[in-house]
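# Observations on the three-dimensional arrangement
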Amino acid sequence: MKIAVLGAGAMGSLLGGLLAEGGHEVTLISTRAEHVELINREGLFLEDPGGGRRVGLKACLAAAEAGPAELVIVAVKAPQTREAMAGALSLVSQDTLVLTLQNGLGNVENLVEAVGPGPVVAGTSNCGAHLKGPGRVRHAGGRGVALGELSGLITGRLLGLGRVFEESGFAPVSLSDNVLSLLWGKLLINVAINAVTALARIRNGQILDFPETAEISRLAVLEAVEVARRKGIALPGDPVGNAFEVARETGANFSSMLQDVARQRPTEIDFINGAVVREGEALGVPTPVNKVLAGLVSVYQRTCPKEI
Ligand code: KPL
């Protein structure tokens, strides 16, 4: 399958590399010239706890160079979705699927605005990834993907998309008939982990080592659960336990938000804890813990010293 990955940060590079290893014709679209140049010259260096290997795939700086794809995976950070997709319409033809595997709320709406609702499919992934430098990505654990149509139908194209991931070694691959539950389920994990790890400058697993961070995470998740409940969104049985389980599973990983603040890049805070605050305000549900986390990260992303 001809696949374009829009955004070749840690997650986009990892997804592209794994799908290329699965035999697909993958092009990464990135704004980082050095990353693009190295990948085209030497391949993507993909490392995991078992070692490292080079994966052959293409990369380019402009979507126009790639031509239309059968599948576009949107992997830019949430604040860039609207602009990135608007500049990449040449990737989309009549039969293209546009899949968001991004964190946070609002990505589907931004993609629908750019390409209409027809091509858009949403999903989540539990892959942990870390961009080690130009042309180098580390797979820090997790290989699961969950996918859903906005309509909630299990369509032929959704089944086909599931097979693409399955045959490339992703597991478990699940299909959902309730995309809002899927996205909110992942949101709760990011609410628990991302801002707390970015502010305390700790790895995901360390949240559980300190009673203070564990308690802040727990309270932030419970606020988001109440907002979801008021919106009528079904959630997993034990949201706090579930989020803590992911923190354990990705224990050695630096969350994407910690990676962002440490590189002085804008974070996804407005699409994660900030989104919970906005949704809570609209419904009259108090979200003080998320408000504090969102406010602190909003400032910290501009002031944090570089490097982790
Ligand atoms: O999605 C993630 C992120 O860092 O953005 C988790 C699941 C927390 C893994 O690090």
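Up top is the structure these notes are about.
Definitions and cut-offs
Residues numbered from 1 in each chain as written. Predicted model: local features only at pLDDT ≥ 70, side-chain atom pairs only at ≥ 80, totals over all residues. Heavy atoms only, no water. Pairing = 2+ DSSP bridges. Helix = DSSP H or I, 4+ residues; strand = E, 2+ residues; numbered from the N terminus. Right-handed = clockwise from strand over helix to strand, strands pointing away. Axes fitted to C-alpha atoms, helices over the stretch in contact; angles between N-to-C directions. Parallel < 35°, antiparallel > 145°, perpendicular 65-115°, else oblique. Left-handed = near helix turned anticlockwise from the far one by under 90°. Contact = heavy atoms within 4.5 Å.

### Examining the pairing of strand β7 (residues 92-100)
Bridge analysis of strand β6 (residues 69-74) against β7 gives five bridges, and the strand direction is parallel. Looking at β7, one finds that Val-74 is bridged to Thr-100. Crossover connection from β6 via helix α3 (residues 81-86) to parallel β7: handedness right-handed. As paired strands, β7 and strand β8 (residues 120-125) are joined by three bridges and run parallel to one another. Residue pairing for β8: Thr-100 is matched across the bridge by Ala-122.

### Brief notes about the pairing of strand β4 (residues 51-55)
Where strand β3 (residues 44-48) and β4 come together, five bridges link them in antiparallel fashion. Across the sheet, the residue bridging to Phe-45 is Arg-54, located in β4. Turn length for the β3-β4 hairpin, with the two strands adjacent in sequence and antiparallel, is two residues.

### Some words on the packing of helix α7 (residues 211-231) against helix α8 (residues 239-249)
The geometry of α7 relative to α8 is characterised by a closest axis approach of 9 Å and an angle of 130 degrees between their N-to-C directions. By the angle between their axes, α7 is oblique relative to α8. The chirality of how α7 crosses α8 is right-handed. For the pair α7 and α8, contact is made by Ala-214, Ser-217, Arg-218, Val-221, Leu-222 and Val-225 and by Pro-239, Val-240, Ala-243 and Phe-244, respectively.

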